[in-house]
Amino acid sequence: MARIVRVSAERAPPRERRNAMRIGIIGAGKIGTALAKQFTRVGYDVAVSNSRGPETLAGLVEELGDRARAMTAEEAAEYGEVVVISIPYGRYREVPAAPLRDKVVIDTCNYYPERDGHDPELDNDDTTSSEKIRAHTGANLVKAFNAIYWENLRDRNRPKGAPDRLAIPLSGSDEDARAVVAALIRDIGFDPVEAGNLGQGGRKHQPGTEVYGAEIPAERMSEIFRAS
Ligand SMILES: NC(=O)c1ccc[n+]([C@@H]2O[C@H](COP(=O)([O-])OP(=O)(O)OC[C@H]3O[C@@H](n4cnc5c(N)ncnc54)[C@H](OP(=O)(O)O)[C@@H]3O)[C@@H](O)[C@H]2O)c1
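Since we're looking at a predicted model, the values are computed, not measured. (Residues numbered from 1 in each chain as written. Predicted model: local features only at pLDDT ≥ 70, side-chain atom pairs only at ≥ 80, totals over all residues. Heavy atoms only, no water.)

**Some thoughts on the UniProt feature "domain: Pyrroline-5-carboxylate reductase catalytic N-terminal" (unreviewed entry) in the chain**
- On the UniProt side, "domain: Pyrroline-5-carboxylate reductase catalytic N-terminal" (unreviewed entry) is annotated at positions that read residues 22-111 here.
- Here residues 22-111 is 29% helix and 23% strand, with 28 Å between the C-alpha atoms at its ends. (UniProt positions renumbered as here; feature names shortened; annotations may be inferred. Helix = DSSP H or I, 4+ residues; strand = E, 2+ residues; numbered from the N terminus.)

**Some points on the pairing of strand 1 (residues 22-26)**
- In terms of burial, strand 1 is largely enclosed, as four of its five residues are buried.
- Bridge count for strand 1 against strand 2 (residues 45-49) is five bridges, and the pairing is parallel. Within strand 2, the position partnered with Ile-26 by the bridge is Ser-49.
- In this region the chain leaves strand 1, passes through helix 2 (residues 30-41) and returns to the parallel neighbour strand 2; the handedness of that crossover is right-handed.
- Pairing of strand 1 with strand 4 (residues 82-85), which is carried by four bridges, proceeds in the parallel orientation. Across the sheet, the residue bridging to Ile-25 is Val-84, located in strand 4. (Buried < 20%, exposed > 50% of the residue type's maximum accessible area, 1.4 Å probe, protein only. Pairing = 2+ DSSP bridges. Right-handed = clockwise from strand over helix to strand, strands pointing away.)

**Topic: the nonpolar core**
- Ile-25, Leu-35, Phe-39, Val-48, Phe-145 and Leu-153 are the most contacted members of the largest nonpolar core, which totals 36 residues.
- In contact with Phe-145, other than residues within four places in its own chain, are Ile-31, Leu-35, Phe-39, Ile-106, Thr-108, Leu-153, Ile-168, Pro-169, Ile-185 and Ile-188. (Core = buried A, V, L, I, M, F, W, Y, C linked by side-chain atoms within 4.5 Å. Contact = heavy atoms within 4.5 Å.)

**Brief notes about the side chain of Lys-103**
- Mapping Lys-103 onto the fold places it in the loop between strand 4 and strand 5 (104-107).
- Only 3.1 Å separates the side chain of Lys-103 from the backbone oxygen of Glu-78, close enough to count as a polar contact.
- Other than its neighbours up to four places away in sequence, Lys-103 contacts Ala-77, Glu-78, Gly-80, Glu-81, Val-83, Ala-139 and Asn-140. (Polar contact = N/O pair within 3.5 Å; in protein donor to acceptor, adjacent residues only side chain to side chain.)

Written out as structure tokens, the structure reads:
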């Protein structure tokens, strides 16, 4: 059975330091935009990027306010102390790898063969989409925000302790990177629940799992992971 760890607040850097942190976002679609809104709302500095170029993101940046700027994907990857990859999985080889090496990188991507094209390794479950993105980038990858519907991520933040605060599952093979991402999840008004390492843990919150898209609190999500 996988080890389930709830990250203690003490392990994460202090809030003031984290809030000075820069976050680069590669992919400014539904999830990338929802994250940019949440991160800027709580005081992080964010760079958004897409495949068409920063000039196409002027409206979004204006909406996001002073803490946001638009860049190329390469520049956003360099800008971020933490970087989010939120693009259709099938395009992951286009992500600039060099600036992401060893960085804490959040992977929100899901594999949908009808959208992304078939990947035999994933169809056979020889590996996972996140492990392939880790291999491409060399990043310290954490899978998170992949299992929450974008409108919930945009709108359903709640204060700590609220009975309807939603759980967000995460997985990754490095404890410190998981702690950084868990702290970000808490800061924007959700409860992180650890599923394990990137491989076996990540499989617990892929499309088709019980927690995928589920609007449930942390205790219930932890129970599901313990039973799986
Ligand atoms: N929608 C959801 O509720 C949801 C929930 C959880 C996870 N996810 C997963 O998260 C990922 C993003 O989903 P989404 O719904 O936000 O997608 P989306 O709305 O279709 O947006 C995709 C974004 O990725 C950008 N993009 C594509 N290729 C790129 C590249 N090579 N470099 C930089 N940016 C690139 C697109 O930019 P251009 O328009 O300029 O090409 C667009 O901004 C997907 O893997 C999805 O399966 C989605």
